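# Descriptive analysis of the structure
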Amino acid sequence: MSATVSSEASTSQLREPVFIALLVCLVFYAVSKYFQSSGCPFAKAPKTDKKQASMASAPPAGSLRLTPAELAQYDGQDASKPLYISVRGNIYDVTAGKSFYGPGGPYAVFAGKECARALAFMKVTAEECSADLAGASEAQLKTLADWEAKFAQKYGVAGLLVQQ
C-alpha cells in the first residue's frame, strides 16, 4: 500500500508543474496575440515582405492634400472631424482606431502630426513626432517600413502631407 501512495504522490507532484507551465504558455500566447492585433506600436512590428514594402511606398489612393498646419486640426479635439496621422508624408485616417489615437488614448500624441521619427525610434512623445529620420539605423528604418505597411493595410492612405 505504501508503494501505491508513493506512486500517487509523485504523479500529482508532476502534474502540478506541468499544469502551471501549460497555463503560463497559454496566457503568454493570448497576450501576444492581443497586442499583435490591437495596433499597439510597442508590440513587435509586423513582418513585411518585398511586395508589402513596395505597397507602402506606392502612390496614395486618397486625394486629400494637407499642410502640417491643416493636419494639426485633425488631432481628435474636434469630434466632428476624422483623426489623421502622417507617416513619411502619407496621411492615414485612423478614426477607426480612436481608442488608441484619439484624446486620452495611449498614442494620442501621434494624431494630427507627422510621426515617422516617433515610430522608427519607438518613442511616444510629441518631440519625436517629425519627418526627421537623421540618425536612424537600418533596423529603425525597417521598423518604420513595417509600420507603414501596417497602417496602409489597416487604414489605407487618405492623402499626402504637402508643404504648401
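Cut-offs used in this document
Residues numbered from 1 in each chain as written. Predicted model: local features only at pLDDT ≥ 70, side-chain atom pairs only at ≥ 80, totals over all residues. Heavy atoms only, no water. Helix = DSSP H or I, 4+ residues; strand = E, 2+ residues; numbered from the N terminus. Buried < 20%, exposed > 50% of the residue type's maximum accessible area, 1.4 Å probe, protein only. Contact = heavy atoms within 4.5 Å. Areas by Shrake-Rupley, 256 points an atom, 1.4 Å probe, with all protein chains shown as cover. Pairing = 2+ DSSP bridges. pLDDT = per-residue confidence, 0-100. Salt bridge = Lys/Arg side-chain N within 4 Å of Asp/Glu carboxyl O. Disulfide = S-S within 2.5 Å.

The next subject is the overall build of the chain. The secondary structure content of the chain amounts to six helices and four strands. Looking at the chain as a whole, 35% of its 164 residues are labelled buried. When contacts within the chain are restricted to residue pairs at least 6 apart in sequence, those whose partners lie at least 24 apart make up 64%. In the structure as shown, the chain presents an accessible area of about 9,900 Å², 61% of it carried by carbon and sulfur atoms.

As a further point, take the pairing of strand β3 (residues 90-93). In this sheet, β3 lies alongside strand β2 (residues 84-87) in antiparallel orientation, the contact comprising four bridges. Looking at the pairing, Ser-86 lines up with Ile-91 of β3. Turn length for the β2-β3 hairpin, with the two strands adjacent in sequence and antiparallel, is two residues, and the turn residue Arg-88 shows positive phi of about 50°.

The next point concerns the side chain of Glu-128. Mapped onto the secondary structure, Glu-128 falls in the loop between α5 (116-121) and α6 (138-154). Ignoring any residue separated from it by four or fewer positions in sequence, one finds Glu-128 in contact with Arg-117, Ala-118 and Lys-123.

A residue-level look at the chain finds 64% of positions with pLDDT of 70 or above and a mean pLDDT of 79. The low-confidence segment residues 50-60 (pLDDT under 50) makes nine contacts with residues lying over four places distant or belonging to another chain.

Let us look at the pattern of salt bridges. In total, this model carries three salt bridges according to the counting rule given. Here Glu-148 ties to Arg-88 by a salt bridge, and the two come within 2.9 Å at their closest N and O atoms. Placement of Glu-148 in helix α6 and of Arg-88 in the loop between β2 and β3 is noted, with a sequence separation of 60 residues between them.

Turning our attention to the state of the cysteines. On inspection of all chains with the given rule, the structure shows zero disulfides. Of all cysteine sulfurs, the one in Cys-129 lies closest to Cys-115, which takes part in no disulfide; the gap is 5.7 Å. Given the relative accessible area of 0%, Cys-115 is considered buried.

Okay, the environment of Gly-97 next. Mapping Gly-97 onto the fold places it in the loop between β3 and α4 (98-101). C-alpha of Gly-97 to C-alpha of Tyr-155: the two residues are 58 residues apart in sequence and 8.8 Å apart in space. Not counting chain neighbours up to four residues away, the residues in contact with Gly-97 comprise Gly-102 and Tyr-155.

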